[in-house]
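These are the residues of each chain, in order.
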Amino acid sequence: MSIVVNIYYSGENGSARQFAKEMISSGTVDAIRNEAGNIRYDYFFPLGDEETVLLIDSWENQESIDFHHQSPMMNKIAELRDKYNLHMKVERYRSEDTIPDTDQKYIRN
């Protein structure tokens, strides 16, 4: 069972989008994706909110999250978050490894 963390970064005047772009262009995103236990690290832009960026961050287990939190990447993230004066809302979920049969009929492959 993996752990999925949704982080909503919000700012002003496009700062959240600039943050995401700099995370990518600086190589920080690629470095995080290469950390042991990382499953997904992707940014999305909500259609109805130009000032928010959603990060979907998924890990194999709590140990891999703890390792990530101790990595040099966290300093870079904090530095950029401060640079762009961002605020955060965090949601955390445990993901099942499979989709139940009762849900399969609603999924189009």
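The rules we used
Within any chain, residue numbers begin from 1 and follow the written order of that chain's sequence. Since the coordinates come from a predicted model, pLDDT governs what is reported: local features require at least 70, and pairs of side-chain atoms require 80 or more to be given and counted, while whole-chain, interface and lining totals use all residues. Just so you know, side-chain values use all the structure's heavy atoms and leave hydrogens and water out. A pairing counts as a salt bridge when a side-chain nitrogen of Lys or Arg comes within 4 Å of a carboxyl oxygen of Asp or Glu. Secondary structure counts use DSSP, requiring at least four H or I residues in a row for a helix and at least two E residues in a row for a strand, with both numbered from the N terminus. Think of it in three bands: residues with accessible area under 20% of the maximum for their type are buried, residues over 50% are exposed, and the middle band is partly exposed, with areas taken using a 1.4 Å probe on protein chains only.

1. Re the pattern of salt bridges
Here's step 1: Here the structure, examined in full by the defined rule, presents six salt bridges.
Here's step 2: The salt bridge involving Lys-83 is made with Glu-22; its shortest N-O contact spans 2.8 Å. Of this pair, Lys-83 sits in helix 4 (residues 72-83) while Glu-22 sits in helix 1 (residues 15-25), and the two are 61 residues apart along the sequence.
Here's step 3: Close ionic contact of Arg-33 with Asp-42 constitutes a salt bridge, the shortest N to O distance being 2.9 Å.
Here's step 4: Arg-33 gets classed as partly exposed once you look at its relative accessible area, which sits at 36%.
Here's step 5: Residue classification places Asp-42 among the partly exposed residues on the basis of a relative accessible area of 25%.
Here's step 6: One salt-bridge network, in which partners are shared between bridges, spans Asp-30, Arg-33, Arg-40 and Asp-42.

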